[in-house]
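# Report on the structure
Next come the chains, spelled out residue by residue.
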Amino acid sequence: MSVVEDWVSGWVVSRGASDPVARPWGWTIDVGQPAQVARHVVVDADEARVCEAAAQARGEGWWLKVFLPEPCEAPEAQVCAWLGPGWASDEAAFLMSVELAPVTPGTLPPGYVLRTWTRGDVVRVLIAAPDGSLAARGQMGVAGEVAVADQILTTPAHQRRGLGSVVMRALQQQALASGATRAVLGATTQGRALYESLGWRTHTAFLSLYRTTGPTESY
C-alpha cells in the first residue's frame, strides 16, 4: 500500500468521511461539511490528472488534494498554473511517515495536564493549560495497521513549550496500543521540522485547493 493510500485510509476514519471511491487519477471522498462537501485526491499529479479531477469538482465546497510525485518546496505556483483562475490553495504541505514503536512520554510544563481517550477508531489527546483552557490537541484515525495524525494544534499562547512533541508522542503510543504499526501525516512547512525531530520521514509534497468561482469552459 502506498503512503498516500495509507493517508487516505486513516484520514477518512479521523474525519468520519465516506469510504474513498477509486478514480483514474486517485479517489473521491465525501466529507459532508458546508465548507467541504467532498474532495478529490489526485496522486502522481501532473497537469492532465489535476485538470481532469478539477473538471469533476464543479460546485462550491469541492476541494482537491494534489500529491506530487516528489517533494518540492513551492508546489503552489506549479499546480495553480495548471488550474488557472477560479482556484485558491492552502499552504503547501508534506506527506510524512514513521514506523510506530514505544516512545518515551514527553514532559509537560508545571500545571499542564494531558488527557487521552479513544472513541471508535479515533484516538485523541488533549493538553489543558493551568487555567483549564485548551493548550494543545491532536487525533489519529486508526485503519488496521496504519494511523493518520490529524488536526494537530498548539494554541498561540502556549507555543514553544514542547507541547507539540508531547501530543505526538502520546498519539503514537495510543495508536500503537490500538494495533497500528505505522503512522502518516500531512505537515506544514513550519510543522515539518518538529516531526523530523521525532523521527518522521518526508515522502512528497502536496497541496489543498478549493474553488473560488464556478468552472470555466476550459474544463
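Residues numbered from 1 in each chain as written. Predicted model: local features only at pLDDT ≥ 70, side-chain atom pairs only at ≥ 80, totals over all residues. Heavy atoms only, no water.

## Here's the deal with the confidence of the model for the protein chain
Residues of the protein chain with pLDDT of at least 70 account for 95%, and the chain-wide mean is 92. Of the regions scoring below 50 in pLDDT, residues 215-219 engages in seven contacts with residues more than four places distant in sequence or in other chains. (pLDDT = per-residue confidence, 0-100. Contact = heavy atoms within 4.5 Å.)

## Some words on the pattern of salt bridges
All told, the structure shown has four salt bridges when counted by the stated rule. Via salt bridges that share partners, D6, E145 and R182 belong to a single interconnected network. (Salt bridge = Lys/Arg side-chain N within 4 Å of Asp/Glu carboxyl O.)

## Topic: unusual backbone geometry
Its identity is not glycine, yet D44 carries a phi of approximately 45°, on the positive side. Position of D44 among the secondary structure elements: in the loop between β3 (36-42) and α2 (47-55). In this structure, Q151 takes a positive phi of about 50° despite not being glycine. For Q151, the location among the structural elements is in strand β10 (residues 146-154). On the basis of relative accessibility, which here comes to 39%, the residue Q151 falls in the partly exposed class. (Helix = DSSP H or I, 4+ residues; strand = E, 2+ residues; numbered from the N terminus. Buried < 20%, exposed > 50% of the residue type's maximum accessible area, 1.4 Å probe, protein only.)

## Quick notes on the pairing of strand β7 (residues 113-119)
Summarising the sheet, β7 and strand β8 (residues 122-128) pair through seven bridges and their orientation is antiparallel. Across the sheet, residue W117 finds its bridge partner in β8, namely R124. Adjacent in sequence and paired antiparallel, β7 and β8 are bridged by two residues, among which G120 carries a positive phi angle near 65°. (Pairing = 2+ DSSP bridges.)

## Description of the environment of S2
On the secondary structure map, S2 appears in the segment before α1 (3-15). At a separation of 3.1 Å, a polar atom in the side chain of S2 contacts the main-chain amide nitrogen of E5. (Polar contact = N/O pair within 3.5 Å; in protein donor to acceptor, adjacent residues only side chain to side chain.)

## Things to note about the packing of aromatic side chains
Under the criterion given, the structure shown has six aromatic pairs. Relative to F206, the ring of F67 lies with its centre 4.8 Å away and its plane at 35°, an arrangement referred to as tilted. Of this pair, F67 sits in strand β4 (residues 62-67) while F206 is found in strand β12 (residues 201-211), placing the two residues 139 residues apart along the sequence. Accessibility assignment for this pair places F67 and F206 in one class, buried. Joined through ring pairs, the aromatic side chains of W7, W11, F67 and F206 make up one cluster. The aromatic ring of W11 is capped on one face by R39, whose charged end is 4.1 Å from the ring centroid. The side chain of R192 reaches across the aromatic face of F94, ending 4.3 Å from its centre. (Phe/Tyr/Trp six-rings, centres within 6.5 Å; stacked < 30°, edge-to-face > 60°. Lys NZ or Arg CZ within 6 Å of the ring centre and 35° of its normal.)

## Topic: the nonpolar core
Ranked by internal contacts, the top residues of the largest apolar core, which has 28 residues, are I127, M140, M168, L171, L185, Y195 and W200. Listing elements by their share of this core, those giving two or more residues are β6 (93-99), β8, β9 (134-143), β10, α4 (163-177) and β11 (182-188). Here this core gets seven residues from one element, more than from any other, and that element is α4. The contacts of M140, once residues within four sequence positions are left out, are D121, V122, V123, A147, V148, A149, M168, L171, Q172, A175, A183 and W200. Listed in part, the 21 residues of the second largest apolar core include W25, A53, W62 and W87. (Core = buried A, V, L, I, M, F, W, Y, C linked by side-chain atoms within 4.5 Å.)

## Examining the pairing of β4
Summarising burial for β4: six of the six residues are buried, a large majority. On β4, burial covers both faces: W62, L64 and V66 on one face and W63, K65 and F67 on the other are all buried. Of the strand pairs in this sheet, β3 and β4 are connected by five bridges, and their pairing is parallel. Counted as the bridge partner of H40 is L64 from β4. In the classification by handedness, the crossover that spans β3, the intervening α2 and the parallel β4 is right-handed. (Right-handed = clockwise from strand over helix to strand, strands pointing away.)

## Observations concerning the environment of A55
Of note, A55 is situated in helix α2. For the pair A55 and L83, spaced 28 residues apart in sequence, the C-alpha separation works out to 9.8 Å.

## A look at α4
For an α-helix, 3.6 residues make a turn, and residues three or four places apart therefore share a direction. The terminal C-alpha atoms of α4, which comprises 15 residues, lie 21 Å apart, in line with the 21 Å expected from a rise of 1.5 Å per residue. When we look at burial in α4, the residues that qualify are L163, G164, V166, V167, M168, A170, L171, Q172 and A175. Two residues or fewer after α4 comes G179, characterised by a positive phi angle close to 105°. (Expected span 1.5 Å × (residues − 1).)

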